[in-house]
Number of protein chains: 2
Amino acid sequence: MLVKKLKEDFQSFDGQDITLQGWVRTNRNSKALGFIELNDGSCFGNVQVVYYQESTKNYEAISKITLGSAIEVKGKLVCTPDSKQPFEIQAGSIEVLGLSDHDYPLQKKRHSFEYMREIPHVRPRANTYYAIFRLRSVLSMAIHTFFQDRGFVYVHTPIITGNDAEGAGECFTVTTREDNKYEEDFFGKHAQLTVSGQLHVEPFALTYRNVYTFGPTFRAENSNTTRHASEFWMIEPELAFADLSDNMDCIEEMIKYCINYCLEHAPEEMAFFEKMIDKDCIKRVKAVAASHFKRMTYTEAIEHLEKAKDQFENKNIYWGMDLQSEHERYICEKVVNGPVFLIDYPKEIKAFYMRVNEDQKTVAACDLLVPYVGELVGGSQREERYDVLVEKLKELNISQEPLQWYLDLRRFGGCKHSGFGLGFDRMLMYLSGIQNIRDVEPYPRTPRNLIF
Amino acid sequence: MLVKKLKEDFQSFDGQDITLQGWVRTNRNSKALGFIELNDGSCFGNVQVVYYQESTKNYEAISKITLGSAIEVKGKLVCTPDSKQPFEIQAGSIEVLGLSDHDYPLQKKRHSFEYMREIPHVRPRANTYYAIFRLRSVLSMAIHTFFQDRGFVYVHTPIITGNDAEGAGECFTVTTREDNKYEEDFFGKHAQLTVSGQLHVEPFALTYRNVYTFGPTFRAENSNTTRHASEFWMIEPELAFADLSDNMDCIEEMIKYCINYCLEHAPEEMAFFEKMIDKDCIKRVKAVAASHFKRMTYTEAIEHLEKAKDQFENKNIYWGMDLQSEHERYICEKVVNGPVFLIDYPKEIKAFYMRVNEDQKTVAACDLLVPYVGELVGGSQREERYDVLVEKLKELNISQEPLQWYLDLRRFGGCKHSGFGLGFDRMLMYLSGIQNIRDVEPYPRTPRNLIF
């Protein structure tokens, strides 16, 4: 029997014999009786197991069961309407399946995030991680359900690639050699880990109309920040016959759907984050789910920022600049007071594949900024005009030949299309209020840090 | 408007004005009228668009629209109860959004699989690939729905790892250097692409009880077969408090669920495979979904094989051997006539983490064999006894230190647990009857083959 099932319907189990397996979260006792808080993994909350000296053969041994141990409990479920918890299990017998020994690294005190990062094999059992990794699973399902319900086709874009969408400097090489003779390597040429599935998914949008990726991506950036990991999961939807406005409609609908799905499917976890991590997290995401996402041009944003430039650490505000997080947060928190799409960025600060606007200076890009974190989603309409794209590659000194297949999509029944990227781990941080990406990934990979 | 929606409810659209976008699959015409088979990506089937010389301003241009071109059609839906297709679109206007030019690689003839593998950016539009990549998406959702409905937690095990579950020989190195000075490398040590998420997911099973992975895995095996790719997706569920029998129950339920889900959610695609790829594929998978999966020991299987050894290419049958595909297929096709779990394999031919049986000679492993393909799933009960596991590592000359964290799980509230691995791409081959793994992956990666 799973605790989750008991909790959903404890009254119908009143007085019944129940068998549970799980792990001991606390064990306290007196001479006459003891209490074990048992967690069986099926839901966030524990169940209270009461055992009595009088009726428990191995009372002495049971009273010494250590935190983290695995046990099996046979007993009776008894409703306790006057107590804090609505029911408890009165144990008939308790069997130890596996003790945790004196080295068990989680004790009944608060451990630092830094300490926990050293023990990724044990930390999922600590409340914060226990909540976040289930939320990770719930949010994954939210994403899949949202897109599949709308007829989007899920595409497994490749992890190992010969292409590189955003410049080769930040890529991991994949090799079976110990020298750099890539022409003799496994694939007969240089191979690397993908930084984005976008280029590879576009052919599928030009086939199935609406598609999405959801998979790992990689950056070999040698930077240690709280928001960057070397391995992270991205969602990259791509929509044919869709312009920038359609794109933003899809982003807005997706974000709202994910928020509501998580509130509905992980209520205990979200309540935990509100209580222990960030007291505003539920209020914040509910406000976003209820709001209408505004839209503002980059140019207008710059005007707002110029007026307020004294407030910023980086006061050098000018048209053409890359916005910093403080600027993004100012726009959505102070100017708009809610989520906002910034659109039509200077072409020089955006990727080659974004569609050039009629002004020839900006591209049809959209970044979704949300209060508290700043940028959450980045997207654009793609340049569907073959000649314009060829010119753009020349301007940027990007070699055309390796991208010829991508260009050819524009000659093979190309059409207007748009897409975006959502950093899955950042979305998790946003929902939970957890501040470091290392604490939302099961096994975070960062420079000089590869545990197990 | 999406064609899928029209097809589901065409009668209610009878006589209505409709706008469609999509790609031209065929275009044939006379002087007076023409027919375009349009596909908009939303479903397998096309919709017929009729256009008339009389009423179409750009009739000449429309009649020359090339295969693969993107168009927008405005017209009236007219039910045609006496025709092969139940409705058609009578075009008022047709706008060309993007022509496909003379280089368009798909023409109205059959192309070989080999030819298609050279053009992964175009082949999704060819029927076989169009069907298989949607089935890929549907099967992905089947997997997620099955496990999430049952409370399993989805875990993103790492892609880059310092660990290696099955021996280092077949791994890709991940590096930012061009020499082999791994201690100066990005992670400060040697890093590689994962071959399995199992070791990394076990800690989560010992927390959430029931968990699963679904992600890419990698093998640097230099072998060119129709069943091996260097990059492929795996599902690796892990169940705590579960023995080998519980494990097999879960496998059986999952396989049946996936089959039924795909038959229900991709009926047009499955009908296509039955017609064009493998006339038995629907019959075969329906039989599996309706059958009870038998269980047989490896030892018993060897007895059967010894009696029939003259039938095999490899006639050297003995206890302790690794079964070949022909042996596996004989057992399920001739002996059992249906799916069968082979269990209790000799420990020498199985992985170190599998639980040693009381006979000390076999381990609690289970391979699911199905008619037509042989092995589809491999699983085992895991060795939960610390001392036994330490001995096993010594026997096999595997260094204990890098696996100490894995061993420690046995000291930190360990318990009986089991799990299995399903090769996602092989399951797709099984469902569709497609014979080469290169034809079920969007961008297949194999030795000396890395396109885009």
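Residues numbered from 1 in each chain as written. Chains lettered and ligands numbered in written order. Predicted model: local features only at pLDDT ≥ 70, side-chain atom pairs only at ≥ 80, totals over all residues. Heavy atoms only, no water.

Residues and elements named next belong to chain A. When you tally the buried positions in helix 5 (residues 198–208), you get 11 out of 11 residues, the bulk of the element. Residues of helix 5 that are buried: Gln-198, Leu-199, His-200, Val-201, Glu-202, Pro-203, Phe-204, Ala-205, Leu-206, Thr-207 and Tyr-208. Of the residues flanking the end of helix 5, it is Arg-209, one or two places downstream, whose phi is positive at about 70°. (Buried < 20%, exposed > 50% of the residue type's maximum accessible area, 1.4 Å probe, protein only. Helix = DSSP H or I, 4+ residues; strand = E, 2+ residues; numbered from the N terminus.)

Right, let's get into the pattern of salt bridges. Applying the stated rule across the entire model yields 51 salt bridges over all chains. Of the charged contacts in the structure, one is a salt bridge between Arg-410 of chain A and Glu-202 of chain A, with a shortest N-O distance of 3.0 Å. Placement of Arg-410 of chain A in the loop between helix 12 (404–408) and strand 16 (417–423) and of Glu-202 of chain A in helix 5 is noted, with a sequence separation of 208 residues between them. There is no split in this pair, since Arg-410 of chain A and Glu-202 of chain A are both buried. Among the ionic pairs, Glu-383 of chain A bridges to Arg-385 of chain A, the shortest N-O distance being 2.7 Å. Of the residues examined, Glu-383 of chain A reaches a relative accessible area of 1% and is grouped as buried. Take Arg-385 of chain A: its relative accessible area is 30%, and that puts it in the partly exposed class. Several salt bridges share partner residues, and in doing so they unite Asp-101 and Asp-103 of chain A together with Asp-408 and Arg-411 of chain B into one network. (Salt bridge = Lys/Arg side-chain N within 4 Å of Asp/Glu carboxyl O.)

Residues and elements named next belong to chain A. Assigned domains of chain A: these are domain 1 (3–98) and domain 2 (123–439). If you average the C-alpha positions of domain 1 and of domain 2, the two centres end up 46 Å apart. On the domain 2 side, the residues contacting the nine residues of domain 1 number eight residues. Roughly 700 Å² is buried in total at the junction of domain 1 and domain 2, and carbon and sulfur atoms are behind 47% of that figure. The largest share of the area that domain 1 buries against domain 2 comes from Arg-25, Gly-41 and Phe-44, three residues that together contribute 74% of it. Counting the contacts that link domain 1 with domain 2 gives zero salt bridges. At the junction of domain 1 with domain 2, the criterion picks out eight residue pairs in polar contact (both at pLDDT 80 or more). Across the side of domain 1 that touches domain 2, the residue classes break down as three nonpolar, five polar and one charged. (Domains from an automatic or database assignment. Contact = heavy atoms within 4.5 Å. Buried area = accessible area lost by both parts, 1.4 Å probe. Polar contact = N/O pair within 3.5 Å; in protein donor to acceptor, adjacent residues only side chain to side chain. Nonpolar A, V, L, I, M, F, W, Y, C, P; charged D, E, K, R; others polar.)

The next point concerns the sheet that holds strand 1 (residues 17–29) of chain A. All names here are of chain A. The strand order around the closed barrel formed by five strands is 1-2-3-5-4, and the pairing between neighbours is mixed. Direction aside, neighbouring strands of the sheet carry axes that sit 55° apart on average. Alignment of strand 1 against strand 2 (residues 33–39), held across six bridges, turns out to be antiparallel. By the bridge assignment for strand 2, Trp-23 is matched with Asn-39. (Pairing = 2+ DSSP bridges. Axes fitted to C-alpha atoms, helices over the stretch in contact; angles between N-to-C directions.)

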